[in-house]
Amino acid sequence: MYARRRHVYFVMMGTCITLFLLACGVVRLWSVPVAVGMCVVAMVIPPFAAVVANRRGPDDRWWDDPSGDPESDAWWDELDGKKRPR
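Residues numbered from 1 in each chain as written. Predicted model: local features only at pLDDT ≥ 70, side-chain atom pairs only at ≥ 80, totals over all residues. Heavy atoms only, no water.

Colleague: Describe the overall build of the protein chain, listing the residues and the values that go with them.
Modeller: Along the protein chain, the regular secondary structure elements total three helices and zero strands. Its helices and strands taken in sequence order, the protein chain reads α-α-α from the N to the C terminus. Within the protein chain, the proportion of its 86 residues that are buried is 16%. For the protein chain, the proportion of contacts with a sequence separation of at least 24, taken over those separated by at least 6, is 52%. (Helix = DSSP H or I, 4+ residues; strand = E, 2+ residues; numbered from the N terminus. Buried < 20%, exposed > 50% of the residue type's maximum accessible area, 1.4 Å probe, protein only. Contact = heavy atoms within 4.5 Å.)

Below you can see the structure in the form of structure tokens.
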């Protein structure tokens, strides 16, 4: 899951940089409004890329990690209906 999120992040950021470079270097010679629109789209991509890179997938089991406090872990396991091996 982590590799796929990282791949999607880099694709989104690569698209952002490509849009910005094309808008500033090529498209502005023919149409400034289109170049500005491309820059606006490039500006919106990084926050979405950060959300994609930082979200948790269904296979990420971070909530199952023990806290280190045996009493607290036993209490949470009891609430979750888990039986701890003795």
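Colleague: Let's hear about the packing of aromatic side chains: which residues, and what values?
Modeller: Scanning the model with the defined rule gives one aromatic pair in all. When the centroid spacing of 5.5 Å and the interplanar angle of 70° are considered together, the rings of tyrosine 9 and phenylalanine 10 count as edge-to-face. Using a relative accessible area of 27% as the deciding quantity, one classes tyrosine 9 as partly exposed. (Phe/Tyr/Trp six-rings, centres within 6.5 Å; stacked < 30°, edge-to-face > 60°.)

Colleague: Give a description of helix α2 (residues 32-54) that names residues and reports values.
Modeller: Helix length check: α2 (23 residues) gives 35 Å between terminal C-alpha atoms against 33 Å at 1.5 Å per residue, within 8%. All of the buried residues along α2 are Ala35, Met38, Ala42, Ile45, Ala49 and Val52. Looking at the packing, one finds that the buried side of α2 touches α1 (2-25). Its side-chain oxygen at 3.4 Å from the backbone nitrogen of valine 34, serine 31 defines the N-terminal cap of α2. (Expected span 1.5 Å × (residues − 1). Polar contact = N/O pair within 3.5 Å; in protein donor to acceptor, adjacent residues only side chain to side chain.)

Colleague: Which residues make up the packing of α1 against α2, and what are the values?
Modeller: Close contact between α1 and α2 brings their axes to 8 Å; oriented N to C, the two are set at 165°. On the basis of the axis angle, α1 is roughly antiparallel to α2. Seen along the crossing, α1 lies across α2 with a hand that is left-handed. Side by side, α1 and α2 meet where Arg5, Val8, Tyr9, Met12, Met13, Thr15, Cys16, Leu19, Phe20, Leu22, Ala23 and Cys24 of the first sit next to Ala35, Met38, Cys39, Val41, Ala42, Ile45, Pro46, Phe48, Ala49, Ala50, Val52 and Ala53 of the second. Tallied by class, residues from the contact of α1 with α2 come to 22 nonpolar, one polar and one charged. (Axes fitted to C-alpha atoms, helices over the stretch in contact; angles between N-to-C directions. Parallel < 35°, antiparallel > 145°, perpendicular 65-115°, else oblique. Left-handed = near helix turned anticlockwise from the far one by under 90°. Nonpolar A, V, L, I, M, F, W, Y, C, P; charged D, E, K, R; others polar.)

Colleague: Residues and numbers for the state of the cysteines, please.
Modeller: Here, disulfide denotes a covalent bond that connects the sulfur atoms of two cysteines. Inspection of every chain in the model, using the stated rule, returns zero disulfides. Here cysteine 16 stays unpaired: no disulfide links it, and the sulfur of cysteine 39, its closest cysteine neighbor, is 9.3 Å away. In this structure cysteine 39 is not part of a disulfide, and its nearest cysteine sulfur, from cysteine 24, lies 4.2 Å away. (Disulfide = S-S within 2.5 Å.)

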